[in-house]
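Residues per chain are reported as follows:
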Amino acid sequence: MFASFVEQLRVAGLPVSITEYLTLIGAMKHGVADYSVDDFYFLARATLVKDERHLDRFDRVFASVFQGLEHASGDPTTDIPEEWLRRIAEKNLSPEEMAAIEAIGGFEKLMETLRKRLEEQKKRHQGGSKWIGTGGTSPFGAYGYNPEGIRIGQKESRHRRAVKVWDKREFRDLDGDTELGTRTMKLALRRLRRFARQGAATELDLPRTIHATASNAGSLDLKLVPERHNAVKILLLLDIGGSMDDHVRASQELFSAVRSEFKHLEAFYFHNCVYERVWRENRRRDETSVSTWDLMRTYGPDYKLIFVGDATMSPYEVVQPGGSVEHWNEEAGRVWIERLAGHFRSAAWLNPAREDYWAYTHSIVLLRQLLAERMFPLTLTGLDDMTRELSR
Amino acid sequence: MQGFKSTTHYIASRDLEVAVNAAVALQRPLLVKGEPGTGKTVLAHEVASALSMPLIEWHVKSTTKAQQGLYEYDAVSRLRDGQLGDARVHDIGNYIVHGKLWDAFEAERQSVVLIDEIDKADIEFPNDLLLELDRMQFFVYETRQTVRARQRPIVIITSNNEKELPDAFLRRCFFHYIRFPDRETMERIVQSHYPDIRQDLAREALTMFFRVRELPGLKKKPATSELLDWLKLLMIEDMPPEALRTREKTVVIPPLHGALLKNEQDVHLFERLAFMARREG
């Protein structure tokens, strides 16, 4: 009856199985939904969705299947303008920033024109060569081609040429929802386990009990010890967005594996290189960001620090103050990397980019040096090597 | 069909009602998630009283084992009795301690079982309960008997999302995520709990409450249960509504904030913001 609906849900990536489908039909038979569309929607949701992160996807599929509506395309240009203007103001107000940008070449001019056009243009625009919109050849807009262009409201850089990324970044958090292929990773990570007895004494300590009972003239004297737990603490810093888009799958698998393997796991995100702030949730980046100093104060040197990122960026993002693509950084990225590597005694970098290309990207060579060669490819062998290195 | 509905003191949204009724009709567990303080645990109490069934609560802790919900074999007291020559020692059945699920399975009437905060337990905990919740039966090795449910109990499971639950477990459950109530629903909730509250006080307090929740950077956003506690305090202290009234955009520390802000850093954040607001004003 609703087979195509379930099919669509699976296409959208919801893990729906025949069990849930039969449950839904069973509930319909019991008259739970009572011929009301709303109730049917609630019932289908309670039956088919098992994770609040999937609710939004479910809603979209439901709408398209049952009302024949188009997919909500999530037109990214609608909520951008305020963001542009805020950032433009930021740019115009800081003179030293302007100086830095001048080096890249003619930034102010670009911004000036952009602002003018923003005033002239109030509507969404597509094609053409002047207006800000999508698919055109104007320097402003998305999906177009102009080497000096500024990218607005576009999720992935098509030509990897834009000088600035304006998107309000709404990349999916790496939700660890891909169980496929994580098992082998989990096995590789197992090497990092370090068992310690902590917490409440719940396990019978047999040798000590026998000993104590014997010395107690045969009347029972129980001895208990706490259970063994994996005491390894992991701090994960994940690069997100930009050139990492090509590696989302591998990173998701890794995240899913570590999340189920370690009890003490903290994960934060950064973009390209770590600077003064990292954030916990990519969707609510501004609200959930913490200063990198606080990070070092909160998590002691007993945490093992693992960076995950392709380390592929302009070398200036590593060595130059103000080199960040997103904001003005007072201190160069290398200072922050050195600081972190100095604080966390066991730190390593996992790189999803192909190892044989590393030597050709300057920033990878740089970061590898900063981490004392502890950069490993995000493959099973790489993970294995890393765990061996970190468990020393 | 006799169903679960909002009551005078528990406001359930329509989607929650449908989810509960589906779980009752198909006799499958209902998994409830949501922000802390949005009434996940209270739901089980309300379902039990709405269907007039007894409620059996099983609060899960980090050391709880799935086996403890079924039964435990108290070998230690049997050993002691053996040493003391007690006659009870010959029957192993004397040392089988029934768990919550056993109680529910053997009950005369159908009951509601609450498995509270399942995510607190070990990662294998839900897997160990798969068969028991599916078939509603289990086997007692010590006495070689199979315990079957006389009536399948209604199982309500709450989770705070501290751990991922296994897929096989989720497949067997209905799922409901309690969203944070919007202002309108919140007003109904307040009315249902404190019908004699002064309208102006409730209005000002709600405005302030939602403003506090919107403040970026709060470690622990206050939820429904905190709001209700706070309102009660305001009523006991007989706080005038004017004390809560704030001008647009400025931040003041809410009176009796101890009920709303449960985190030292959050209180500091407020003090800092209030200080800045005073300096500007």
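Each value, and the rule that gives it
Residues numbered from 1 in each chain as written. Chains lettered and ligands numbered in written order. Predicted model: local features only at pLDDT ≥ 70, side-chain atom pairs only at ≥ 80, totals over all residues. Heavy atoms only, no water. Helix = DSSP H or I, 4+ residues; strand = E, 2+ residues; numbered from the N terminus. Buried < 20%, exposed > 50% of the residue type's maximum accessible area, 1.4 Å probe, protein only. Contact = heavy atoms within 4.5 Å. Areas by Shrake-Rupley, 256 points an atom, 1.4 Å probe, with all protein chains shown as cover. Buried area = accessible area lost by both parts, 1.4 Å probe. Salt bridge = Lys/Arg side-chain N within 4 Å of Asp/Glu carboxyl O. Polar contact = N/O pair within 3.5 Å; in protein donor to acceptor, adjacent residues only side chain to side chain. Nonpolar A, V, L, I, M, F, W, Y, C, P; charged D, E, K, R; others polar. Patch = residues over 30% accessible without salt bridge, like charges linked within 9 Å, V, L, I, M, F, W, Y side chains within 5 Å. Arc of directions from axis to C-beta. Core = buried A, V, L, I, M, F, W, Y, C linked by side-chain atoms within 4.5 Å. Axes fitted to C-alpha atoms, helices over the stretch in contact; angles between N-to-C directions. Parallel < 35°, antiparallel > 145°, perpendicular 65-115°, else oblique. Left-handed = near helix turned anticlockwise from the far one by under 90°.

### Looking at the overall build of chain B
Thought 1: Of regular secondary structure, chain B possesses 12 helices and 9 strands.
Thought 2: Counting over 281 residues, chain B shows a buried share of 46%.
Thought 3: Of the contacts formed within chain B by residues at least 6 apart in sequence, a portion of 73% connects residues at least 24 apart.
Thought 4: When the accessible surface of chain B is totalled, it reaches about 14300 Å², and 49% of it is carbon and sulfur.

### Regarding the interface of chain A and chain B
Thought 1: Contacts between the two partners involve 31 residues from chain A, matched on the other side by 31 residues from chain B.
Thought 2: Surface buried jointly by chain A and chain B totals about 2700 Å² across both partners, of which 58% is contributed by carbon and sulfur atoms.
Thought 3: Scanning the region where chain A abuts chain B turns up 3 salt bridges.
Thought 4: The salt bridge partner of B:Asp15 is A:Arg45, with a shortest N-O separation of 2.6 Å.
Thought 5: Between the two partners, chain A and chain B, sit 8 residue pairs in polar contact (both at pLDDT 80 or more).
Thought 6: Those elements that provide at least two residues to the side of chain A that touches chain B are α2 (18-29), α3 (37-48) and α10 (248-261) of chain A.
Thought 7: With 6 residues, the single largest contributor to the side of chain A that touches chain B is α3(A).
Thought 8: Classifying every residue of the side of chain A that touches chain B by side-chain character gives 10 nonpolar, 10 polar and 11 charged.

### Considerations on a nonpolar patch on the surface
Residue and element names in this part refer to chain A.
Thought 1: Together, Leu204, Leu206, Ile210, Leu222 and Leu224 make up an exposed nonpolar region whose accessible area comes to about 450 Å².
Thought 2: Among the secondary structure elements, Leu222 is positioned in the loop between α9 (206-215) and β4 (224-230).
Thought 3: Given the relative accessible area of 35%, Leu222 is considered partly exposed.

### What to know about α9(A)
Residue and element names in this part refer to chain A.
Thought 1: Turning to α9, its buried residues number three or more, namely Thr209, Ala212 and Thr213. Seen from one end, α9 has its buried residues packed into an arc of 100°, which puts them on one side. The exposed residues of α9 that point more than 90 degrees off its buried face are Pro207, Ile210, His211, Ala214 and Ser215.

### Some thoughts on the nonpolar core
Thought 1: Among the nonpolar cores identified, the biggest contains 48 residues, and A:Phe5, A:Leu43, A:Phe58 and B:Leu43 are the most heavily contacted of them.
Thought 2: With 8 residues, helix α1 (residues 14-26) of chain B is the largest single contributor of residues to this core.
Thought 3: With residues up to four places along the chain from it excluded, the contact list for A:Phe58 reads A:Phe5, A:Leu9, A:Leu14, A:Tyr41, A:Ala44, A:Arg45, A:Leu48 and A:Val49.
Thought 4: A:Cys273, A:Met296, A:Trp349 and A:Trp358 belong to the second-largest nonpolar core, a separate cluster that totals 32 residues.

### A closer look at the packing of helix α9 (residues 183-193) of chain B against helix α10 (residues 199-214) of chain B
Residues and elements named next belong to chain B.
Thought 1: It is the contact of α9 with α10, at a shortest axis distance of 11 Å, that shows an interaxial angle of 135°. One way to sum up the angle between α9 and α10 is to call them oblique. As α9 runs across α10, the sense of the crossing is right-handed. Seen from α9, the contacting residues are Arg183, Met186, Glu187, Val190 and Gln191; seen from α10, they are Gln199, Arg203, Leu206, Thr207, Phe209 and Phe210.
Thought 2: Tallied by class, residues from the contact of α9 with α10 come to 5 nonpolar, 3 polar and 3 charged.

### Structural notes on the environment of A:His264
Residues and elements named next belong to chain A.
Thought 1: Summarising the element assignment, His264 is placed in strand β6 (residues 264-270).
Thought 2: Given a relative accessible area of 29%, His264 falls into the partly exposed group.
Thought 3: A C-alpha to C-alpha distance of 7.4 Å links His264 and Ala231, two positions 33 residues apart in sequence.

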